[in-house]
Amino acid sequence: MSLLSRLFRSSGQPAASPPPVAATRGYAVCGAPRSGSNYFCEILGSTGVLGQPREYFNGAVRRLRDDPTYPDDPRDQIGRILTMGATANGVYALKLFPGLFDTVAPHLRLTEMLPNLTFVRLRRRDVLGQAISWVRSIQSQQFRSTDAVRGEIAYDGEAIRTYVAQVCQRNARWEMFFARTGIEPIEVLYEDIAAAPQPAVERIARAMGVDPAPVIDPDGIALRVQRDEASQAWRERFIRELGDPNSLDPAEMLARTL
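These numbers come from a predicted model, not from an experiment.

Considerations on helix α2 (residues 37–46)
Counting buried residues along α2, 8 of its 10 residues qualify, which places the element largely inside the surrounding structure. Among all positions in α2, only S37, F40, C41, E42, I43, L44, G45 and S46 are buried. Looking at the buried side of α2, the elements it contacts are β1 (25–30), β2 (91–96), β3 (117–123), β4 (186–189), α9 (190–195) and α10 (198–207).

Structure representation (structure tokens):
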């Protein structure tokens, strides 16, 4: 028993909690907007042992939601990933979209500055549903179910078609990245975690060497599904008006990034 422990015991006070372990391994949740990434990251963070995955390379969002002094320098943001993005057992986590990767790539070598980085590929099977959700979030400015609605929603078939292309483009970029690098990510489908998130949590825990398997804390999950009857109505109208199976969408639609 250490001297410090003996002193606490002799004074009748409880022993101090062990200090956090330095972040030594972690993972990046790689997805695209409206893929359920906020929900999935909240689930992972609720375990208390799988880091706190957030968009740490998005300074504006972090200043709005977490810390008014959050830095924009990618090297300083790495420090935040390894501290505020980590849990006491030394696991760090972050959320990464292609655009965020583009922002930091000119300034640092991500996989060299983040120790033992694992990639988790989050994908939504329902691409049309993802595009509809994206358009609705832009119109309403409600990016999470916990945000206030600040705009009216109105069906816009061409906007939905544009954002179908945006989803496909970002998915293709991740697929190309993993094909080119030979990296084999942990594959997770949004539809699977929506139905039963525990298996995905356990797969990530195994990859991080966290044993026993962590338990999801429902009290740590505030986000809820935003789909409703309007989402279904938009889907049906879009397929009816723009779902002609006798034409193929032009490749140019994938070239533009919004």
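A word on helix α4 (residues 74–81)
Taken together, the buried positions of α4 are P74, Q77, I78 and I81. Mapping the buried residues of α4 onto a view down its axis gives an arc of 110°, with all of them on the same face. Against the buried residues of α4 lie α3 (59–65), β2, α5 (98–104) and α6 (110–113). Its side-chain oxygen placed 2.8 Å from the backbone nitrogen of R75, D73 serves as the N-cap of α4.

Quick word on the pairing of β2
Within β2, 6 of the 6 residues are buried, leaving the element largely enclosed by the surrounding structure. Of the two faces of β2, both are covered, the one formed by V91, A93 and K95 as well as the one formed by Y92, L94 and L96.

Considerations on the pattern of salt bridges
Counted according to the given criterion, the structure contains 11 salt bridges. Put simply, D72 and R63 hold a salt bridge, and the shortest N to O gap is 3.0 Å. Here R63 falls in the partly exposed class, since its relative accessible area comes to 28%. The shortest N-O distance in the salt bridge between E241 and R237 comes to 2.9 Å. Taken as a pair, E241 and R237 lie in helix α11 (residues 229–242) at a separation of 4 residues, close to a single helical turn. Through salt bridges with shared partners, a single network forms among R54, R62 and D66.

Scoring rules and cut-offs
Residues numbered from 1 in each chain as written. Predicted model: local features only at pLDDT ≥ 70, side-chain atom pairs only at ≥ 80, totals over all residues. Heavy atoms only, no water. Buried < 20%, exposed > 50% of the residue type's maximum accessible area, 1.4 Å probe, protein only. Helix = DSSP H or I, 4+ residues; strand = E, 2+ residues; numbered from the N terminus. Contact = heavy atoms within 4.5 Å. Arc of directions from axis to C-beta. Polar contact = N/O pair within 3.5 Å; in protein donor to acceptor, adjacent residues only side chain to side chain. Salt bridge = Lys/Arg side-chain N within 4 Å of Asp/Glu carboxyl O.

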